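Geometric and topological summary
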Amino acid sequence: MLDEVLEHNRRFVEEHRLTPLSHLPRRRTAVVTCMDCRLVGLLEQALGLERGDVVELRTAGATVAVPGRAGEGVNSDLVRSLAGAIYLLGVRQVLVVGHTNCGLAHVDPVALTGAMQALGVDPQGLIERYGLGDQAGLVRWLGAFSQVEENVREVVDFIRNSPFLPKLPVHGLVIDVVSGRLELVDRDRRPGLAG
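Everything in this summary refers to the structure shown in the same document. All values reported here derive from a predicted model rather than from experimental measurement.

1. Some details on the sheet that holds strand β1 (residues 29-34)
Read across the open sheet, the five strands follow the order β2-β1-β3-β4-β5; overall the sheet is mixed. At either end of the open sheet lies a strand with only one pairing partner, and these are β2 (54-59) and β5 (182-186). Between one strand axis and the next, the sheet turns through 25° on average, direction left out of account. The pairing of β1 with strand β3 (residues 93-99) spans five bridges and is parallel. Bridge pairing links valine 32 to valine 96 in β3. Against the sheet, helix α7 (residues 148-160) makes contact with β1, β3, β4 (170-175) and β5, and its axis sits at roughly 160° relative to β4, the strand it touches most.

2. Points about the pairing of β4
Burial of β4 is extensive: six of the six residues sit out of reach of the surface. Neither face of β4 is open: one carries Val170, Gly172 and Val174, the other His171, Leu173 and Ile175, and all of them are buried. Sheet analysis places β3 next to β4, joined by six bridges and oriented parallel. From the neighbouring strand, histidine 99 faces β4, where its bridge partner is isoleucine 175. Counted along the chain from β4 to the antiparallel partner β5, the turn is six residues long, and its residue glycine 180 has a positive phi close to 85°.

3. A look at the pattern of salt bridges
Using the criterion set out here, one finds 13 salt bridges in the structure. Linking arginine 10 and glutamate 14 is a salt bridge whose minimum nitrogen-to-oxygen distance equals 2.8 Å. Taken as a pair, arginine 10 and glutamate 14 lie in helix α1 (residues 2-15) at a separation of four residues, close to a single helical turn. Taking relative accessible area as the criterion, arginine 10 reaches 40% and is therefore assigned partly exposed. Look at glutamate 14 and you get exposed, because its relative accessible area is 52%. Look at the salt bridges and you will find they share partners, linking Asp157, Arg160, Asp186, Asp188 and Arg190 into a network.

The rules we used
- Residues numbered from 1 in each chain as written.
- Predicted model: local features only at pLDDT ≥ 70, side-chain atom pairs only at ≥ 80, totals over all residues.
- Heavy atoms only, no water.
- Pairing = 2+ DSSP bridges.
- Helix = DSSP H or I, 4+ residues; strand = E, 2+ residues; numbered from the N terminus.
- Axes fitted to C-alpha atoms, helices over the stretch in contact; angles between N-to-C directions.
- Contact = heavy atoms within 4.5 Å.
- Buried < 20%, exposed > 50% of the residue type's maximum accessible area, 1.4 Å probe, protein only.
- Salt bridge = Lys/Arg side-chain N within 4 Å of Asp/Glu carboxyl O.

Structural data, given as structure tokens:
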């Protein structure tokens, strides 16, 4: 795969002349979404986004993994990245976009621990070392959830309530990975929003 990527890039650079862009997102928006490979290209097209429009932050399940949801999120990479986008890049609104058929929905603990063991990682050792309790705690650490809409609402609330972030509009959506159709899950109607 690496050699294919490098060869493609060589041809790409020969054939394309990119216009220089500012590192500041034109639409002053951050999109928090999932790392799912089915969203690559689809998300931008479905939202009408072009290069330079937004900052994209991708996590497994478009989520904040537990225990990151507990407390203030001081160790949350998502909060740190949003803080940088807001304070340094001028972002003034956030869209949290989950998706249908997410791999983090309904994670099977036995399959997860089996996959870890097959790749040389000791799940029980991690559970004990980090006080995760049991296999279900390991699944929670991963950020697994059962309902995508509920997960989107939890992430929206987590971002809205972070003491590290200002009071900006944070909206929640779900995209269908087959049709590209967006469903609005949570429109931010809080009074006094900056933006």
